[in-house]
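Structural features, examined
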Amino acid sequence: MRALIVIDVQNDFCPGGQLAVNGGDEIIDGINALMPEFDAVVLTQDWHPKGHNSFATSHGATPFSSIELPYGPQTLWPDHCIQGTTGAAFHSPLNTDAADVIIRKGTNPAIDSYSAFFENDQETPTGLEGWLEVRGIGELTFVGLATDYCVAWSALDAKRLGFDVSVQTELCRAIDLDGSLASAIDTMRQAEIKVV
Ligand code: VGL
Ligand code: ZN
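Residues numbered from 1 in each chain as written. Chains lettered and ligands numbered in written order. Predicted model: local features only at pLDDT ≥ 70, side-chain atom pairs only at ≥ 80, totals over all residues. Heavy atoms only, no water.

Structurally, Ser-66 can be placed in strand β3 (residues 66-69). With 19 residues separating them along the chain, Ser-66 and Trp-47 place their C-alpha atoms 21 Å apart. Not counting residues up to four positions away in its chain, the partners in contact with Ser-66 are Pro-73, Gln-74 and Thr-75. At 3.4 Å, the side chain of Ser-66 and the backbone oxygen of Gln-74 are in polar contact. (Helix = DSSP H or I, 4+ residues; strand = E, 2+ residues; numbered from the N terminus. Contact = heavy atoms within 4.5 Å. Polar contact = N/O pair within 3.5 Å; in protein donor to acceptor, adjacent residues only side chain to side chain.)

Written out as structure tokens, the structure reads:
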């Protein structure tokens, strides 16, 4: 069984949003068209409380700078995807009716969560692994935003958990901070993820 995992196609990651990814809105028609080819469709939604630890404003710091948190280095982001705001809503052309399940992540005020499987402490699970397993789903295709953060971290965790993993890069867009896109693609290829 195969699932399409659609990462964070939300207003704040699309042009005009608080953490806009170039061309973030261009991938949506293609993602909608791909959905019927899968046994299950999973959507993820970045869903932060106000004052989240990953926000630069929480530390009086400049957005896109980096700090050390108890679980490791953390890039500091503009305030984005705050629970219940328009920015956190799915970008409207996305076919959310096709979703079998929606996973919200980044809800812990102290820990960021790029991956759909684990928070950035690498150990607190979201429950997605169990959901897929009990449904007999072993093959995962990732699309969405952003290639170099939430898509890459999700795909790498999935591979580590033993799923068969591919990333459809033409249906992803990247933030690309200091070469982060090239290094994410490289890391995914080294992990033997199918990057197509
Ligand atoms: C993301 C940075 C912060 C993403 C989420 O969806 O890639 N990036 N929060
Ligand atoms: Zn976030």
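Ligation of the zinc ion (ligand 2) by protein atoms is provided by Asp-46 (OD), His-48 (NE2) and His-80 (NE2), these donors lying 2.0 to 2.2 Å from the ion. Here the donor residues for the zinc ion (ligand 2) map to a single chain with the spacing D-x1-H-x31-H. (Donors = N, O, S within 2.8 Å, 3.2 Å for Na, K, Ca; no water.)

Residues Val-6, Ile-31, Leu-94, Phe-117, Leu-132, Leu-140 and Phe-142 are the most contacted members of the largest nonpolar core, which totals 57 residues. No other element matches the six residues that helix α3 (residues 147-160) contributes to this core. Sequence-distant contacts of Phe-142, that is, excluding residues within four places in its chain, are made with Ile-5, Ile-7, Phe-117, Val-151, Ser-154, Ala-155, Ala-158, Val-165, Ser-166, Val-167, Gln-168 and Cys-172. (Core = buried A, V, L, I, M, F, W, Y, C linked by side-chain atoms within 4.5 Å. Buried < 20%, exposed > 50% of the residue type's maximum accessible area, 1.4 Å probe, protein only.)

Strand order in this open sheet of six strands is β5-β2-β1-β6-β7-β8, and the pairing throughout is parallel. Looking at which strands have only one partner, the edges of the open sheet turn out to be β5 (101-105) and β8 (194-195). Two strands pair when backbone bridges link them, and strand β1 (residues 2-7) and strand β2 (residues 40-46) are joined in this way by four bridges, in the parallel orientation. Bridge pairing in β2 places Leu-4 opposite Val-41. (Pairing = 2+ DSSP bridges.)

One pass over the full model with this rule turns up six salt bridges. Between Asp-8 and Lys-105 there is a salt bridge, with the nearest N and O atoms lying 2.9 Å from each other. Residue Asp-8 is found in the loop between β1 and α1 (28-34), and its partner Lys-105 is found in strand β5; the two are separated by 97 residues along the sequence. The pair formed by Asp-8 and Lys-105 is uniform in burial state, with each residue classed as buried. A salt bridge links Lys-105 to Asp-46; the nearest nitrogen and oxygen atoms lie 3.1 Å apart. Placement of Lys-105 in strand β5 and of Asp-46 in strand β2 is noted, with a sequence separation of 59 residues between them. Here Asp-46 falls in the buried class, since its relative accessible area comes to 3%. (Salt bridge = Lys/Arg side-chain N within 4 Å of Asp/Glu carboxyl O.)

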